[in-house]
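Single-letter residue listing:
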Amino acid sequence: MQSSGRQAEAPGRGPRVLVVGGGIAGLGAAQRLCCHPAFPHLRVLEATARAGGRIRSERSFGGVVEVGAHWIHGPSQGNPVFQLAAKYGLLGEKALSEENQLIETGGHVGLPSVSYASSGGSVSLELVAEMARLFYSLTDQTREFLHAAETPTPSVGEYLKKEIRQHMAGWTEEEETKRLKLAILNNLFNVECCVSGTHSMDLVALAPFGEYTVLPGLDCTFPRGYQGLTDCIMASLPKDVMVFNKPVKTIHWNGSFEEASAPGETFPVLVECEDGGCFPAHHVVVTVPLGFLKERLDTFFEPPLPTEKAEAIRRLGFGTNNKIFLEFEEPFWQPDCQHIQVVWRDTSPLEDAAPKLQDAWFKKLIGFWVLPSFGRASQVLCGFIAGLESEFMETLSDEDVLLSLTQVLRSVTGNPRLPAPRSVLRSRWHSAPYTRGSYSYVAVGSSGDDMDLLAQPLPADGRDAQARGILVPRPGIEPAPPALEA
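In what follows, the accompanying structure is described. (Residues numbered from 1 in each chain as written. Predicted model: local features only at pLDDT ≥ 70, side-chain atom pairs only at ≥ 80, totals over all residues. Heavy atoms only, no water.)

**Examining helix H10 (residues 307-315)**
Selection criterion: Classification of residues uses two cut-offs on accessible area relative to the type maximum, computed with a 1.4 Å probe and protein chains only: under 20% is buried, over 50% is exposed, and between them is partly exposed. In DSSP terms, a helix is any run of H or I states spanning at least four residues, a strand is any run of E spanning at least two, and both are numbered starting from the N terminus. As used here, the arc belongs to the directions running from the helix axis to the C-beta atoms.
The set of residues buried in H10 consists of Lys309, Ala310, Ala312 and Ile313. Down the axis of H10, the buried side of the element spans an arc of 160°, and every buried residue falls inside it.

**What about helix H2 (residues 80-87)?**
Within the sequence span of H2, burial applies to Val81, Phe82 and Ala85. Down the axis of H2, the buried set is contained in an arc of 100°. They therefore lie on one face. Downstream of H2 by a residue or two, glycine 89 has a phi angle that is positive, lying close to 70°.

**Re the sheet that holds strand S11 (residues 278-281)**
Our working rule: Following DSSP output, two strands are said to pair if at least two bridges run between them. Whether two residues are in contact is decided by their heavy atoms: any pair within 4.5 Å suffices. For helices, the fitted axis covers only the stretch in contact; all axes are lines through C-alpha atoms, and the angles between them, taken along N-to-C directions, range from 0 to 180 degrees.
The strand order across the open sheet built from 4 strands is S11-S10-S7-S13, with neighbouring strands paired in mixed fashion. With one partner strand each, in any of the chains shown, S11 and strand S13 (301-302) form the two edges of the open sheet. Seen against the sheet, helix H9 (residues 290-300) touches strand S7 (248-252) and S13 and runs at an angle of roughly 55° to S7.

**Some thoughts on the packing of aromatic side chains**
Two measures describe an aromatic ring pair: the distance that separates the ring centres and the angle between the ring planes. Selection criterion: Two rings from Phe, Tyr or Trp (for Trp, the six-membered ring) form a pair when their centres sit within 6.5 Å of each other. Planes less than 30 degrees apart are called stacked, planes more than 60 degrees apart edge-to-face, and all others tilted.
Using the criterion set out here, one finds 16 aromatic pairs in the structure. Relative to tryptophan 333, the ring of phenylalanine 332 lies with its centre 4.9 Å away and its plane at 85°, an arrangement referred to as edge-to-face. The same class applies to phenylalanine 332 as to tryptophan 333, namely buried. An aromatic cluster is present here, built from Phe292, Phe300, Phe301 and Tyr434 joined pairwise through their rings.

**A word on the pairing of strand S1 (residues 16-20)**
Of all 5 residues making up S1, 5 are buried, and the element is well covered by its neighbours. With burial as the criterion, each face of S1 is covered, one bearing Arg16, Leu18 and Val20 and the other bearing Val17 and Val19. Relative to strand S2 (residues 41-45), S1 runs parallel, the two sharing 5 bridges. Following the sheet pairing, leucine 18 is matched in S2 by arginine 43. Summarising the sheet, S1 and strand S12 (residues 283-286) pair through 4 bridges and their orientation is parallel. Following the sheet pairing, valine 17 is matched in S12 by histidine 283.

**Structural notes on empty space enclosed by the protein**
Quick reminder of the rule: Buriedness for pockets is judged along seven lines, at least five of which must meet protein on both sides within 12 Å for an open set on the 1 Å grid over protein atoms alone, while cavities are sets there where a 1.4 Å probe fits but cannot get out, and lining residues have an atom within 4 Å of a point. Grid points are joined across faces, edges and corners, and a volume is the space filled by probe spheres set on the points. Polarity classes work like this: nonpolar for Ala, Val, Leu, Ile, Met, Phe, Trp, Tyr, Cys and Pro, charged for Asp, Glu, Lys and Arg, and polar for all others, with Gly in that last group.
Throughout the structure, instances matching the rule amount to 3 cavities of 30 Å³ or more. Here the second largest cavity defines a volume of roughly 80 Å³. Mapped onto the lining of the second largest cavity, the elements with two or more residues apiece are helix H5 (125-142), helix H7 (175-196) and strand S16 (339-343). Residue composition of the lining of the second largest cavity, grouped by class: 8 nonpolar, 4 polar and no charged.

**A word on the packing of H5 against H7**
The criterion, for reference: Note that the term roughly parallel is reserved for angles under 35 degrees, roughly antiparallel for angles over 145, roughly perpendicular for angles of 65 to 115, and oblique for everything else. Crossing handedness follows the turn of the near helix against the far one: under a right angle anticlockwise gives a left-handed crossing, and clockwise gives a right-handed one.
Closest axis-to-axis distance for the H5/H7 pair is 10 Å, and the angle between their directions is 55°. By the criterion of interaxial angle, the relationship of H5 to H7 is oblique. The interaxial crossing formed by H5 with H7 has right-handed handedness. Where H5 abuts H7, its residues Leu127, Val128, Glu130, Met131, Ala132, Leu134, Phe135 and Tyr136 lie against Leu180, Lys181, Ile184, Leu185, Leu188, Phe189, Val191 and Glu192. Its residues assigned to classes, the contact of H5 with H7 comprises 13 nonpolar, no polar and 3 charged.

**Section: the side chain of threonine 406**
As a reminder of what qualifies: Think of a polar contact as two N or O atoms within 3.5 Å of one another; within protein, one of them needs to be a possible hydrogen donor and the other a possible acceptor, and neighboring residues in sequence only count if both atoms come from side chains.
Position of threonine 406 among the secondary structure elements: in helix H13 (residues 398-413). There is a polar contact of 2.7 Å between the side chain of threonine 406 and the backbone oxygen of leucine 402. Not counting residues within four places of it along the chain, the set of residues in contact with threonine 406 comprises Ala420 and Pro421.

**Examining the pattern of salt bridges**
Put simply, the rule is: Think of a salt bridge as a Lys or Arg side-chain nitrogen and an Asp or Glu carboxyl oxygen that are within 4 Å of each other.
What the rule picks out here adds up to 21 salt bridges. With its nearest N and O atoms 2.9 Å apart, the salt bridge here joins glutamate 259 to arginine 16. With glutamate 259 in the loop between strand S8 (257-258) and strand S9 (266-267) and arginine 16 in strand S1, this pair connects stretches of sequence that are 243 residues apart. Taking relative accessible area as the criterion, glutamate 259 reaches 6% and is therefore assigned buried. A salt bridge links glutamate 274 to arginine 296, with the nearest nitrogen and oxygen atoms 3.6 Å apart. Here the residue glutamate 274 occupies a position in the loop between strand S10 (269-273) and S11, and arginine 296 occupies one in helix H9, the gap between them amounting to 22 residues. Classification of glutamate 274 by relative accessible area gives partly exposed; the value is 39%. For arginine 296, a relative accessible area of 22% translates into the label partly exposed. Each of Glu274, Glu295, Arg296 and Arg436 takes part in salt bridges that share partners, so that together they form one network.

This is the structure in structure tokens:
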């Protein structure tokens, strides 16, 4: 089969290697390969006009905001992203301190500075702390089933709810307080959905939940933006390695393809792009998001992937976690406020209520984080929302989102005259055609073995893998979990 792409690699000795996807995984693979003398002919095919994937820092509100990856979780020596960021001088003095690297957080989100009830007025932070201790002690217990012969429930959500029902038997408060406790717990369930990138913790498998490694270190951010990391990796690559605006249509593998400029040479893989261009190669490293693979599984590989790989892609979960930035002229929160929690009084993790999304999508919003001041007359809150509600939010106009959240903030603060935010910025990871979500999780019916299976070269049994190899790395946005979060 002749190659029809004008941008196919020039003939030369040594294997031709293609990396499909220019996110952090693709850039990391390219950087590693460029340092190896055995791989002199390398290209990275990126579908969009920019590198970084779900690492996306934007100039807005007079500063830099993270539309994608936000924190380094567990910034310590065992974290490869922390090591890279430190190497490139991208972190502040506090994040680099030995003291910061030794702090044990257990991987849990910190307590809010203030908690508002949906009906107005503040919620007791002592009660919030009590429910957080219960919730996080139970989530810690879920990690103990990693090597168990059997589990009491299939999912993390079912286990947590079963344990909460048992604890409720010992609650002696009046009914209103009990309902408020459940509403706080419901907020914490939604927080965990954001952390896990899922619509519901009922979808997350219990047995492998403990595979997620929690590293020490207090979560930190990049003072000049997370994208500084991908910029530094990009700067280390040869200038002709990246090919932008080159979405891949089909990867033809396990074949024997020829190219007019390389008579007598055959290539086991041909990467066909949506614009008709083709790239013959000896090896292809596929680093596209799992959400994209799920959507394009039937057409992206020809011949189709082996059954065990295709089933692994179908079994693993891939969900959406989005951010909503609201800009205010003046803050309505206290100067030392860092995290505003919103508790919906009519919710409970023990009830499977499913109101229409258009009427209640905002109830999945876990609250807002106060961004550092950018040194001008504006103050910015960053809200997080996951799941189907998050995907529905993407379909709304900016005006609809502003109207809904203005009403929410006026209601929770009890101030009907609270000035509306003057602008909004939000991520839309589910709508992004080459992403289709935020990050992966091990769903009920799957296991960490599915991730390992995807990382094995084709053919799956290893025969002639060097000549025909396609590598599909572990899904997610991080080169080594749990480095990044969107």
